[in-house]
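Coordinate analysis (summary)
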Amino acid sequence: MNQSVWGPVQREMTDLLQGHPDDVPAVVEQLKELQSILGHVPPLLRENPLCDFNQLYLTITEGVLERLYAGKFKDPAFLSRLDVEFATRYFDALRAWAGAGTSPRCPEVWVCLFQRIGGPDCRPLPSACAGVNAHINYDLPFALVTTFDHLGRDPIDDSDQHHDYLEINDIFADAIPGLRRGYLEKWQLLIDTMNGCLDDWWQGEAVEYTRNVAWRNAQKLWGVRHDMLATDRERAGLDRTAAGLSKLLLSPLGSFLQ
Amino acid sequence: MGIRVTFMAGEGEDGPLVGRTGTLAQIQSDLRNAGPGGTSAVFVTGESGVGKSRLLRETVSSLRDAGFAVLSGTCLDIGDASPLHPVLQALRQFDHNVQPAGSAGALLDRVSQDLREVAGDRRLLLVLDDLQWADRSTRQLLLYLLAGLGDVKIAVLAAVRAEALQGTHPLRKVLAELRRLRSVRVVDLAPLDRDQTVELVTAITGGRVEPEDADRVYKRSGGNPFVAEELARDLRDGRVELSDTLREIFLSRVDELPPNAHSVVHAIAAGVEPIGHDVLARVVPLSEAELIEAVRAAVAHRFVISDTDGYRLRHRLVAEILVDEVLPAEATVLHRRYAEALSLDEPDHPRLALHWQKAGEPARALPSVVASARSAEELYGFTEAHRYWSSALELTTGDSPERTELLAHAAESAHQCGEHLRALSRLDDLSRRSDAPSQCDLHLRRARYLAAAGRTATAEAEYERALEAPDCSPRQRASAAAYLAELLLHLGRYADANARANDALEMAEVNGSTADLVRASAALGFSAAFREDPDAGLAVIRNAVDIAERSGHPDELGVAYLHLAELLTGPLNNIEEGVLVARRGAERLAKLGAGRTYQTRLLAIAAKGLFRVGQWSEADAVLETAMRHRPSGADAVELLLARCQLWVGFGDVEAAHRDLDAVATLLAGGGARHVLPMLTLRAGLAMWQGEHPTARASVQRGLTETRSDDLVLIGVLAWHGLRAEAEAHAAGQPVDPGALRRLKVAVERMAAGVGNAAAPVRAVMDGYLDLCAGELSRVEGRQDPAPWARAAAAWDKRGQPYPAAYSRLRQAEAALQRRTRKAAAIGALREAYATAIAMGARPFAAEIVAVAQRYKVALADDVPTVPFEIETTDELSLLTTREREVLSALAEGLTNREIGERLFISERTVGVHVGHIFDKLQVRTRVQASRVYLTAA
């Protein structure tokens, strides 16, 4: 196993990832510390693509926390749990990362981003988007299923939970102005150059649409969650599709988004 | 038992153990070191072949030597295992056949009891392999046992395949919950590094290894000991390995087997392990001598191991490779033979169902699937039952007559296990059948499922439709109206609920079942109480108790008593009588020997009430009785929270931590109702220990998870948060401005919400708002006794001595610091101290003493001596503390009204106490009672 994937901050990284945050304030804390550690990973330091994503994710999670404190959600217990489950998957991926080709337990979609930490550099927006893609298109449906399972509820359209879930779209929209209208057209153009499954899977408005895809995927996973084989098939499928998109984002083509 | 053939393998069963010495020692020491609950657990995760089972075996043998009783079970990957399979299987090895029990909770208790019996006075080690395949019931049992609820001194050692933990595997959640217990360790078993791999290879080849060979083994195996061991054997035997994948390595080995051994290996791969010799003999068409020869060869070639309970493949990895190799037609034949072979013995339905299905014989599989579903329901494994009913549906076609019944079962079991969407879609299918149940029946069911799924608006509409359905019988109509009233009550629509409950009660009195009557009465009572007509509400619910008493049905009695006790201790704040009712109800049910869940819930109400009125030792006693019922799920959480409240009050830090850990582990779906009290207690405990940051973090987390309508819960939480900041300030530590700002927002939100709340809620809220105002004045350094005096008066009025005494302490402190009204301050301080001592609130008393010392106030003079202790004889020992007080006053010749005035309780409540005293002392008059008392005293 490659022990030095995090270079000089290996120790700090290992220590930080020992923690399993259990509530939203703790998730924010962990992301903050992570941000400062990631800024020390050579050679790109603060310019590394994971830093770009982590900063965005931190901003979004702080937005969620603020709204929780302000009592903006209908079912805050659900949303808190979801936020924790969601973050857990990102931390799990980081824990599983031991370098390219030696991380069998790290989802492919995260590998795409992680292996670019050492360069070559890519533009911040596509980097952040690749992370958002991994986190939303791959992690989110699973986080949703686990959360519903935990609370003993079903993912039902128009429920309080669905409403809260959609509320987060606003937070994303605030945090990623680059994904608003003007850029969406370019994005769409990029997607249009791809044929096949990506095309019908990715259309309309980027984050909102993706997040709805995640909700639909969660409902699909919910139906088969007791069937380990089917779940695993779905998991592999999601990983493949999302990884395909990430590769595209991180390719030279992706920089045209900026 | 059939014949068992054992063989000595050519070499030791296990290769050398490399690179695991440290891990092994750590696991054993973790298992020996039980946490405060007497339990410990180690979960070993890692990829297939990394050596999890091996670690399990090694640990078992040394802990067995150390005097542990060992029980082992393996989870099955047949998808539809029966509930609790691995544990029941393990218990059967000790000839314990767990019998079905009256409820899911009772079953958990029964299993615990069997485990205790097997253990005797030894510690118990429960070993579970392949836990990723564990059914839901088994996962729940683990939570129950490790939270210490089963009262079994148990150590759990389990292996989990890491591959399975990706995605949404339910075990992820269980492990996350268990991680919160201090006594649980999750060990991630990593592959061997290069040096360790070389050490393993050298040990197997028994000599020097060329560096490039060792490198090749390391590269190919990726440090996986199972694969490395196989490759090392090839190296030793001079076999040149051309293939790169594990799959090719093993397939070439299979080819080397003699033909009969080949058949044996394939047959075992198709079966559900372990496979008994007699079953194998029926599946593989060989003579006895040939079969034994073939098994011997399979063992010698290291494919099969032979154990006491039958044959297994050496490793699951091998089974997975072989299963893909068998031609579909071959597989069908094997499964048919298995099914036929298994039919000869006492039917093992889950296995039969699997084999008949795989043999392509749905009609023959169906009876076994249905039987499996029914027996899963007997064990309260609704998830498993639901899956069986669903596969039964898959085995039938649209025109088969049994489909209607199967759909009804599938819908109901989905509802029972919380699959509300699935339940609704099954119900839709059911309604389309030509022989579907009546319209009204369908609407009623749909409404129940919708309400459970939280879709209250649609559920309401469905109840309305049921009421309007032309085929609705009077009885169904009464039932629908009662359910609807209950739903409206939960929605806080008290006026609607009240009107609907009135209708329902009228209908139920003529046509309804007792259950409907009780449900309608409860809805009417609560809605009346919330609409500020408490007496009317109370009368209706008392009547419901009488009705239930006449029917004598445990469920109805339980519900009726529960409603009455909740109404009294809740909105009416007549805690004393509420406690009496709760205890009487629990006793009544205990005599019937039924309604365990209701008994537990009633006792939880009693204990919480006793805590609030300051009778802590009595509360402790009640909780001890309640815990003896070994509650599970939400009931257990309620009781643990109530008990933890006592520990925090008494200042028993270790016990409080233990219960908080257990609550955190068991919490699932309880929502704010359980999470917020847990966080509040955690904060309270941290404050007694001077750990203000911990207290602050708990409260802040609570603030993120509250809904705006959880008024009372926010009240307690915000008070704790402000108190934590005030104490930090007083201790010269920094106040967190962000936290303070958020707390102020929460208090404002609460104050704004109070206006819309029902009157009883408003009264409680005012008390908390007073406390918050007081703490704020402390944080801001204003030494103002006024808000505290107000708070003390408010809590006195509610009859809750603890917050009242706390307010007095702060009132006195502020006054002493200001040097004003010293006499009043000293009086308040002494009164607070007397209360603290009487309750046994040690940390609180210590704080009062500290304040008294700081301002040189003598507490001792006026502290009343310990309450008059009555020497107890057998007769009087039956009485509660309160009853003894009533009896002592009664013996002085006081009337009920006078006793009430002396003890600050209502005349009516005194009457209830007197009734109980008479019952317990078996007397009929006050004179007789006084005589018993005077003789004893």
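Small disclaimer: the values here were computed from a predicted structure and weren't measured.

Our next topic: the overall build of chain A. Helix and strand counts for chain A come out as eleven helices and zero strands. Taken from N to C terminus, the helices and strands of chain A fall in the order α-α-α-α-α-α-α-α-α-α-α. Put simply, chain A has 258 residues, and 45% of those count as buried. Pairs at least 24 apart in sequence give 74% of the contacts found in chain A among residues at least 6 apart.

The next thing to look at is the overall build of chain B. Helix and strand counts for chain B come out as 45 helices and seven strands. The proportion of buried residues among the 937 residues of chain B is 52%. For chain B, contacts bridging at least 24 residues in sequence account for 64% of all contacts bridging at least 6.

Below, the discussion takes up the sheet that holds strand β1 (residues 40-46) of chain B. All names here are of chain B. As summarised here, the arrangement of the five strands in space is β2-β3-β4-β1-β5, forming an open sheet in which the pairing is parallel. With partners counted over all chains shown, the strands left at the sheet margins are β2 (69-74) and β5 (184-188), one partner each. This sheet shows a mean twist of 15° between the axes of neighbouring strands, independent of strand direction. The pairing of β1 with β5 spans five bridges and is classified as parallel. Bridging across to β5, Val42 finds its partner in Arg185.

Before going further, it helps to examine the domain arrangement of chain B. Assigned domains of chain B: these are domain 1 (21-191), domain 2 (195-252), domain 3 (266-357), domain 4 (688-782), domain 5 (783-867) and domain 6 (876-936). On a C-alpha basis, the centres of domain 2 of chain B and domain 4 of chain B stand 64 Å from each other.

Interfaces are often described in size by the accessible area the parts lose on coming together. Between chain A and chain B, the contact holds 31 residues from the first and 34 residues from the second. Elements with a minimum of two residues in the side of chain A that touches chain B: α2 (24-38), α3 (49-69), α4 (76-96), α6 (124-151) and α11 (228-250) of chain A. Of the residues forming the side of chain A that touches chain B, the biggest block, six residues, is contributed by α6(A). Residues that form the side of chain A that touches chain B fall into these classes: 14 nonpolar, nine polar and eight charged.

Once that is clear, we can look at the packing of helix α11 (residues 259-270) of chain B against helix α13 (residues 288-300) of chain B. All names here are of chain B. Two numbers describe how α11 lies on α13: the axes approach to 8 Å, and their chain directions differ by 75°. In terms of orientation, α11 and α13 fall into the roughly perpendicular class. Counting all contacts with α11, which are made through Asn260, Ala261, Ser263, Val264 and Val265, the residues of α13 involved are Glu290, Glu293, Ala294, Val295, Ala297 and Ala298. Grouping the constituent residues of the contact of α11 with α13 by class yields seven nonpolar, two polar and two charged.

It is worth spelling out helix α8 (residues 211-221) of chain B at this point. Residue and element names in this part refer to chain B. Of all the residues in α8, the buried ones are Ala214, Val217, Tyr218 and Ser221. End-on view of α8: buried residues confined to an arc of 100°, all on one side of the axis. Within α8, the exposed residues directed more than 90 degrees away from the buried face are Glu212 and Lys219. Contacts from the buried residues of α8 go to α7 (194-205) and α9 (225-236). One or two residues past the end of α8 sits Gly222, with phi positive at roughly 60°.

On to the pairing of strand β3 (residues 124-129) of chain B. Residues and elements named next belong to chain B. In terms of burial, β3 is largely enclosed, as six of its six residues are buried. Burial along β3 is two-sided: the face carrying Leu124, Leu126 and Leu128 and the face carrying Leu125, Val127 and Asp129 are both buried. The pairing of β2 with β3 spans six bridges and is parallel. Residue Leu71 lies in a different strand from β3, and its bridge partner there is Leu126. Here β3 pairs with strand β4 (residues 154-161) via five bridges, running parallel. Looking across to β4, one finds that Val127 is bridged to Leu157.

Take the nonpolar core next. All names here are of chain B. If you look at the biggest cluster of nonpolar residues, it comprises 335 residues, and the most contacted ones within it are Leu124, Ala485 and Ala607. Every residue in contact with Ala607, bar those within four places of it in the chain, is listed here: Ala619, Val622, Leu623, Ala626 and Ala642. Among the nonpolar cores identified, the runner-up in size contains 15 residues, and Val18, Val201, Phe226 and Leu235 belong to it.

This part covers the packing of helix α16 (residues 349-358) of chain B against helix α17 (residues 362-378) of chain B. All names here are of chain B. At their nearest, the axes of α16 and α17 sit 8 Å apart, and the two run at 150° to each other. Accordingly, the angle class assigned to the pair α16 and α17 is roughly antiparallel. Between α16 and α17 the crossing geometry is left-handed. For the pair α16 and α17, contact is made by His349, Pro350, Leu352, Ala353, Trp356 and Gln357 and by Pro362, Arg364, Ala365, Ser368, Val369, Ala371, Ser372 and Ser375, respectively. Classifying every residue of the contact of α16 with α17 gives eight nonpolar, five polar and one charged.

Within the fold, B:Ser617 resides in helix α30 (residues 616-627). Residue B:Ser617 is classed as partly exposed on the basis of its C-beta count, with 14 C-beta atoms lying within 10 Å.

Residues and elements named next belong to chain B. If you check helix α33 (residues 672-688), its first and last C-alpha atoms are 24 Å apart, about what 17 residues at 1.5 Å a residue would give, namely 24 Å. The element α33 is extensively covered by neighbouring structure, given that 15 of its 17 residues are classed as buried. Directly beyond the C-terminal end of α33, a positive phi value near 75° is found at Gly690.

Now for the pairing of β4(B). Residues and elements named next belong to chain B. Taking burial as the measure, the eight residues of β4 include eight buried ones, the bulk of the element. Burial of the side chains of β4 extends over both faces: Ile154, Val156, Ala158 and Val160 are buried on one face and Ala155, Leu157, Ala159 and Arg161 on the other. Bridge analysis of β1 against β4 gives seven bridges, and the strand direction is parallel. Residue pairing in the sheet places Ala41 in a bridge with Val156 of β4.

Glancing now at the confidence of the model for chain B. All names here are of chain B. For chain B, mean pLDDT is 85; residues scoring 70 or higher make up 94% of the total. For chain B, the element scoring lowest by mean pLDDT is helix α6 (residues 170-178), at 75; helix α39 (residues 801-818) scores highest, at 94. Confidence over residues 1-12 falls short of pLDDT 50; this stretch has 18 contacts with residues more than four positions distant or in other chains. Every residue in residues 862-873 is under pLDDT 50, and counting partners more than four places away or in other chains gives 13 contacts. On the interface metric, ipTM, the complex scores 0.75, and its pTM is 0.74.

Let us now look at unusual backbone geometry. Residues and elements named next belong to chain B. Following Glu273, the chain continues into Pro274 via a peptide bond in cis, with omega recorded as -5°. Residue placement: Pro274 occurs in the loop between α11 and α12 (277-283). Of note in the backbone geometry, Asp151 takes a positive phi value of approximately 55° without being a glycine. By the element assignment, Asp151 lies in the loop between α5 (136-146) and β4. Judged by the 18 C-beta atoms lying within 10 Å of it, Asp151 is partly exposed.

It is worth spelling out the environment of A:Asn169 at this point. Residue and element names in this part refer to chain A. As for its position among the elements, Asn169 is in helix α7 (residues 160-175). Residue classification places Asn169 among the partly exposed positions, given that 16 C-beta atoms sit within 10 Å. It is 25 Å that separates the C-alpha atoms of Asn169 and Glu108, two residues lying 61 residues apart in sequence.

Right, let's talk about the confidence of the model for chain A for a bit. Residue and element names in this part refer to chain A. Across chain A, the average pLDDT comes to 77, with 79% of residues at 70 or higher. Confidence, expressed as mean pLDDT per element, reaches its minimum in chain A at helix α9 (residues 197-201) with 40 and its maximum at α2 with 94. Predicted confidence is poor over residues 178-205, with pLDDT under 50, and the contacts of this stretch with residues over four places away or in other chains come to 27 contacts.

Reading the values: the criteria
- Residues numbered from 1 in each chain as written.
- Chains lettered and ligands numbered in written order.
- Predicted model: local features only at pLDDT ≥ 70, side-chain atom pairs only at ≥ 80, totals over all residues.
- Helix = DSSP H or I, 4+ residues; strand = E, 2+ residues; numbered from the N terminus.
- Buried ≥ 20, exposed ≤ 12 C-beta atoms within 10 Å, placed from the backbone.
- Contact = placed C-beta atoms within 7 Å.
- Pairing = 2+ DSSP bridges.
- Axes fitted to C-alpha atoms, helices over the stretch in contact; angles between N-to-C directions.
- Domains from an automatic or database assignment.
- Nonpolar A, V, L, I, M, F, W, Y, C, P; charged D, E, K, R; others polar.
- Parallel < 35°, antiparallel > 145°, perpendicular 65-115°, else oblique.
- Arc of directions from axis to C-beta.
- Core = buried A, V, L, I, M, F, W, Y, C linked by C-beta atoms within 7 Å.
- Left-handed = near helix turned anticlockwise from the far one by under 90°.
- Expected span 1.5 Å × (residues − 1).
- pLDDT = per-residue confidence, 0-100.

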